[in-house]
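The lines below spell out each chain.
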Amino acid sequence: MKIRILLCSLAFALSAIPGLRADDGDTELQMKMQKMSENFRPLRNQLADATKNADSLAKVATIKENATAALKLTPIKIAAMPAADQPKALEGFKAELQKLITKLDDLTAALKAGKNDEATKIYADLGAIQKEGHTEYKASGKKK
Ligand code: HEM
């Protein structure tokens, strides 16, 4: 009986550590990224359309929420590095995410001001930051 309680506590404790794999095999960071992707992709075709601004703003807010949560997580690639190298790599990862978050704020401001042309330009900048982030911090080094 005691051992069962111990095992349950251990399982709970492990599941509470950020960055560890969730039940379906995805890391928490992968799940945040998937949410970002679901909201980022449709923006490509709707940012130019001012009638969709309310929906676009909601999507940008969801991307920002997930990017902000990702600041607390550790990519697989960094977790696999020697412990001594991890702090610097994590700093770089967070700085790249912060760059994304700042651009998302620019996008929100552009949409609120009805500047849809500017919004489409900012989308391209976000795509470039995504590529940089993936090249540097995704285990496979893939851009998408
Ligand atoms: C709008 C911007 C972005 C989108 C839409 C996006 C989307 C994605 C997607 C779809 C994945 C694959 C998830 C999976 O394997 O299921 C992923 C993984 C990943 N992305 Fe992003 N990403 C974005 C920006 C960034 C940035 C700026 C960084 C780095 C600062 C980054 C770092 C990573 C890492 C490290 C992984 C691998 C997950 C892991 O190691 O656990 N991403 N991203």
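Structural data are supplied above this passage.
Note that the coordinates shown come from a computational prediction; the quantities given were computed from them, not determined experimentally. (Residues numbered from 1 in each chain as written. Predicted model: local features only at pLDDT ≥ 70, side-chain atom pairs only at ≥ 80, totals over all residues.)

Re the nonpolar core
Among soluble globular proteins, nonpolar side chains are generally buried collectively. Among the nonpolar cores identified, the biggest contains 19 residues, and Ile63, Ala67, Leu104, Leu107 and Ala119 are the most heavily contacted of them. Of all the secondary-structure elements, those providing two or more residues to this core are helix H2 (28-40), helix H4 (53-70), helix H6 (86-112) and helix H7 (116-137). Top element by residues in this core is H6. It accounts for five residues. For Leu107, the residues in contact, after removing those within four places along its chain, are Val60, Ala119 and Ile122. (Core = buried A, V, L, I, M, F, W, Y, C linked by C-beta atoms within 7 Å. Buried ≥ 20, exposed ≤ 12 C-beta atoms within 10 Å, placed from the backbone. Helix = DSSP H or I, 4+ residues; strand = E, 2+ residues; numbered from the N terminus. Contact = placed C-beta atoms within 7 Å.)

Points about the packing of H6 against H7
Interhelical geometry of H6 versus H7 gives an angle of 170° and a closest axis separation of 10 Å. Comparing the axis directions of H6 and H7 gives the class roughly antiparallel. Taken together, the residues of H7 that come into contact with H6 (itself represented by Phe93, Glu96, Lys99, Leu100, Lys103, Asp106, Leu107, Ala110 and Leu111) are Glu118, Ala119, Ile122, Asp125, Leu126, Ile129, Glu132, Gly133, Glu136 and Tyr137. In terms of residue class, the contact of H6 with H7 is made up of ten nonpolar, one polar and eight charged. (Axes fitted to C-alpha atoms, helices over the stretch in contact; angles between N-to-C directions. Parallel < 35°, antiparallel > 145°, perpendicular 65-115°, else oblique. Nonpolar A, V, L, I, M, F, W, Y, C, P; charged D, E, K, R; others polar.)

Description of H2
An ideal rise of 1.5 Å per residue puts 18 Å on 13 residues; H2 measures up with 18 Å between its terminal C-alpha atoms. Structurally, H2 contributes buried residues whose contacts are with helix H3 (43-46) and H4. (Expected span 1.5 Å × (residues − 1).)

Quick look at the site of the ligand
Near the ligand you find 25 residues, and of these Met33, Pro75, Ile76, Glu96 and Gly133 are the closest. Contributing elements (two or more residues each) for the shell around the ligand: H2, helix H5 (76-79), H6 and H7. With seven residues, H2 is the largest single contributor of residues to the shell around the ligand. Within the shell around the ligand, the residues separate by chemical class into 14 nonpolar, seven polar and four charged. (Near = placed C-beta within 6 Å.)

Focus: the environment of Lys88
The residue Lys88 is located in helix H6 in this model. Judged by C-beta crowding, with 11 C-beta atoms within 10 Å, Lys88 ranks as exposed. Taking the C-alpha atoms as reference, Lys88 lies 9.7 Å from Ile78; in sequence the two are ten residues apart.

What to know about H4
Between its first and last C-alpha atoms H4 spans 25 Å; for 18 residues at 1.5 Å apiece the expected length is 26 Å, and the two agree. Within H4 the residues assigned to the buried category are Ser56, Lys59, Val60, Ile63, Asn66, Ala67 and Ala70. Along the axis of H4, the buried positions cluster into a sector of 130°, meaning they face one direction only. Every exposed residue of H4 that faces more than 90 degrees away from the buried side is listed here: Ala54 and Ala58. (Arc of directions from axis to C-beta.)

Quick look at the environment of Leu111
With respect to the secondary-structure elements, Leu111 resides in helix H6. Separated by 59 residues in the primary sequence, Leu111 and Lys52 place their C-alpha atoms 9.8 Å from one another.

Here we look at the environment of Met31
Take Met31: it is sitting in helix H2. Residue Met31 is classed as partly exposed on the basis of its C-beta count, with 16 C-beta atoms lying within 10 Å. Remark: the alpha-carbon pair of Met31 and Asn66, spanning 35 residues in sequence, is separated by 9.1 Å.

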